[in-house]
Structure formats: C-alpha cells, structure tokens
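Listed here are the chains, written in short residue letters.
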Amino acid sequence: MYDVIILGSGPAGLTAALYTARAGKKTLVLGGDEAFGTLNKIPNLENYPGFLGSGTALGEFMQKQAEQFGAEIVFKKAERIKNNFSVTCEDGTEYLARVIIIATGATPRKLEIDGAREFMGRGVSYCATCDGFFYSGKNVLVIGGGNSALNDALYLADLAKNVKILYRKPSFSRGEQVLVDRVNAKENIECLFETELSSVGGNETGLTFATTTSGDKIECDGVFVAIGHEANTDFLTEEIKRDNLGRIAPKSLPAGMYVAGDVRSELKMQVATAVGTGCEVAMDAIAYLNQNASV
Ligand SMILES: Cc1cc2nc3c(=O)[nH]c(=O)nc-3n(C[C@H](O)[C@H](O)[C@H](O)COP(=O)(O)OP(=O)(O)OC[C@H]3O[C@@H](n4cnc5c(N)ncnc54)[C@H](O)[C@@H]3O)c2cc1C
C-alpha cells in the first residue's frame, strides 16, 4: 500500500512526487509509456524560469530529484482506477494507495479531414520537433494559430524551404505576442488567415498537396497539425466528471483524488503551470494524509 500514487511522469507528476516523497509519504509514480511526457517535445525550453536547455534534460533532473527523496518511478500505464484507490496497469498489476494524483497530460487533437488518416506518418504529423527533420528543404503547412502552432512554424522555418500557417481565425489572437513577432520576422513563413483545409492527398511516396475549404490547392510535402489537445483520461470511470476535451475540474474529484497539469480543466498548458499545480496538489495531498491517518 502506497500513501500516494501519481499517474504521469511529466513535469506535473514529477513535481508532485518530489513534494510527497520529501514529506516522507510512500510515493509511487506510474509514469506511463513516455518518460517526461510532453517535455520531450521541447528542444529549447526558454520560458521555464531558472532553466535553459531541452525539455528532456529538465525531465531527467526532475526524475533524479524525486528519486533522491525516495519516490519510486516505474514506466507503466494505468488502465483503470477502482473505488478511487486501486490502480490496475496494462500488464495486470494492481497497486493500492491512500491518495491518487492524476497528471496524465493531454494528446494532440486529430485533423478529421479526407486523407489525414491515410497520410499520417507519410506527410501528416502531430509533432514538428519529432518529424521536422524529414522536411528539410521542403514546403510544409502548419495548421493552427495558438502557441503550439507558432512554435512549430518557427521550428520548421529553420529546416524547411517554406512554411505556411493556416489558421481559421482572422488573427493570432490566442498566441503570445513574442511568438507572433518572431513568426512575422521570418521571411520563409507565410500566414493564411481564415483558411481551413478540407483534404490532403498525394501518391504512394507521400503527401503532395492539400485542398482548402474554398477549393484552393496548395502544393506541399508535409502538414503539421497543432489544433489543440484532448486530455488523457480514457482510463477513468464515468463517475469522474470531465469536460468535452476530457479534462477534469479539481473540485469535481472525490476526497483523496487530485489533478495537476495539462489534464486539469482551465489551465494554461505550460511547464510552469504543470509544476505549479503539481506542487499545489501534492501539498493538499500531504495535508489530507496527515489529517486522515486512518484512511
Ligand atoms: C510541441 C510542444 C512544445 C511546447 N513548448 C513549451 C514551451 O516552450 N514552454 C512551456 O512552458 N510549455 C511548452 N509546452 C507545453 C508543456 O510541454 C506542457 O504543458 C507540460 O509538459 C504538461 O505537463 P504535464 O505533466 O501536465 O503533462 P505531460 O508532460 O504531457 O505528461 C503526461 C504524462 O502522463 C503519462 N500518461 C499518460 N497516460 C497515462 C496513463 N494512463 N497512466 C500513467 N501515465 C500516463 C505520459 O506518459 C506522461 O508521462 C509545449 C508542448 C508541446 C506539445
């Protein structure tokens, strides 16, 4: 029996683990199938105070620090939670805890247009930092207008010949101004507002074009999609209420269950907020455990 089981080994989960383990609580992190989560998608983390480097390097530091205080970290995926305190993993192992912290992050929303599934991995990508290299010197589209899309476009602009950002709104109203300014300063990035795709197509070697809803055909080699995220909460039972993107409101959870990071509703999805909420819920969990010694 653990005092605390934390689901997820991104910045939210590892921060929570550091706090609960350091407070002497027996802590298990079920880290999912990707150590450090979305941190791995950030080659240059510029806006996490006090740190400059890759997201993966920060994740490694966080893991070491949590382990140093006794947190046990295994990379397994939770498949279901029973009675709020028992977690069963994909391999059938069951773990019990007095407190559960959900920090399972979010997954990119899929582009639901003709050809998007067919050309997935052959021109359609959901990770610029993972796949951008394959498009060196080529023409690519970025779909979306938030910070992720702007970051993706900037990253790709250093590799690709030409980048077109397609956004359904009239301006980058949701993007940080510093990113918008950088995008505007790049000669090989073109912004097409109020533009949406209706299909992508190509041949056996891969994607060669995309078509907009107004019927324009754009020749391109790759389409990078950054249109938001859905929370990783499929493993939860229906009793745990979620919004239309699968995210959990902290106040909706039963006593002894907590939520931190990108999986939490109405949170700005950043490393700093993941760390902040990881810290916050860990402190709540420690207080709960101290006040409910019999649980
Ligand atoms: C391309 C890109 C660039 C970004 N750049 C920046 C940036 O420059 N600055 C910034 O501040 N933020 C950036 N972000 C956002 C930032 O990475 C996230 O907000 C942050 O990592 C969220 O942390 P998290 O711990 O909530 O979730 P995640 O980092 O997504 O971690 C979730 C964890 O949960 C695990 N998991 C999933 N399902 C299960 C399960 N069933 N059981 C157990 N574990 C599970 C996963 O394996 C993973 O370990 C970027 C995001 C992207 C996609």
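The structure presented is a predicted model; accordingly, all values stated were derived computationally and were not measured.

## Quick word on the sheet that holds strand E10 (residues 162–167)
Next, step 1: Strand order in the open sheet formed by 5 strands is E8-E15-E9-E10-E11, with parallel pairing between adjacent strands. Looking at the sheet topology across the chains shown, the edges are occupied by strand E8 (124–125) and strand E11 (189–193).
Next, step 2: Pairing analysis gives 2 bridges linking E8 to strand E15 (residues 222–225), with the strands arranged parallel. If you follow Val124 over to E15, its bridge partner there is Val223.
Next, step 3: On top of the sheet, helix H4 (residues 147–157) reaches strand E9 (139–143), E10, E11 and E15; it is set at about 170° to E9, its chief contact.

## What about unusual backbone geometry?
Next, step 1: Its identity as a non-glycine residue notwithstanding, Glu194 has a phi of 50°, on the positive side.
Next, step 2: Within the element layout of this structure, Glu194 appears in the loop between E11 and strand E12 (197–203).
Next, step 3: Judged by its relative accessible area of 60%, Glu194 falls in the exposed class.
Next, step 4: Positive phi values are uncommon outside glycine, yet Glu266 reaches one of about 55°.
Next, step 5: Residue position: Glu266 is located in the loop between strand E17 (257–259) and helix H6 (271–291).

## A few points about the packing of helix H1 (residues 11–22) against H6
Next, step 1: Interhelical geometry of H1 versus H6 gives an angle of 35° and a closest axis separation of 7 Å. As for the relative orientation of H1 and H6, their crossing is right-handed in sense. Side by side, H1 and H6 meet where Pro11, Ala12, Thr15, Ala16, Tyr19 and Thr20 of the first sit next to Val271, Ala274, Val275, Gly278, Cys279, Ala282, Met283 and Ile286 of the second.
Next, step 2: Classifying every residue of the contact of H1 with H6 by side-chain character gives 11 nonpolar, 3 polar and no charged.

## Things to note about the site of the ligand
Next, step 1: The local shell around the ligand holds 31 residues, among which Glu34, Thr38, Asn47, Ala78 and Asp262 are the closest.
Next, step 2: Between Glu34 and the ligand, the recorded distance is 2.8 Å, taken from a backbone N or O atom to an oxygen atom.
Next, step 3: Gln270 is positioned such that a nitrogen or oxygen atom in its side chain is 3.0 Å from an oxygen atom of the ligand.
Next, step 4: For the ligand, the accessible surface in isolation is 1000 Å², of which the surrounding protein chains cover 91%.
Next, step 5: The class makeup of the residues in the shell around the ligand is 12 nonpolar, 13 polar and 6 charged.

The rules behind the values
Residues numbered from 1 in each chain as written. Predicted model: local features only at pLDDT ≥ 70, side-chain atom pairs only at ≥ 80, totals over all residues. Heavy atoms only, no water. Pairing = 2+ DSSP bridges. Helix = DSSP H or I, 4+ residues; strand = E, 2+ residues; numbered from the N terminus. Contact = heavy atoms within 4.5 Å. Axes fitted to C-alpha atoms, helices over the stretch in contact; angles between N-to-C directions. Buried < 20%, exposed > 50% of the residue type's maximum accessible area, 1.4 Å probe, protein only. Left-handed = near helix turned anticlockwise from the far one by under 90°. Nonpolar A, V, L, I, M, F, W, Y, C, P; charged D, E, K, R; others polar. Near = heavy atom within 4 Å. Polar contact = N/O pair within 3.5 Å; in protein donor to acceptor, adjacent residues only side chain to side chain. Areas by Shrake-Rupley, 256 points an atom, 1.4 Å probe, with all protein chains shown as cover.

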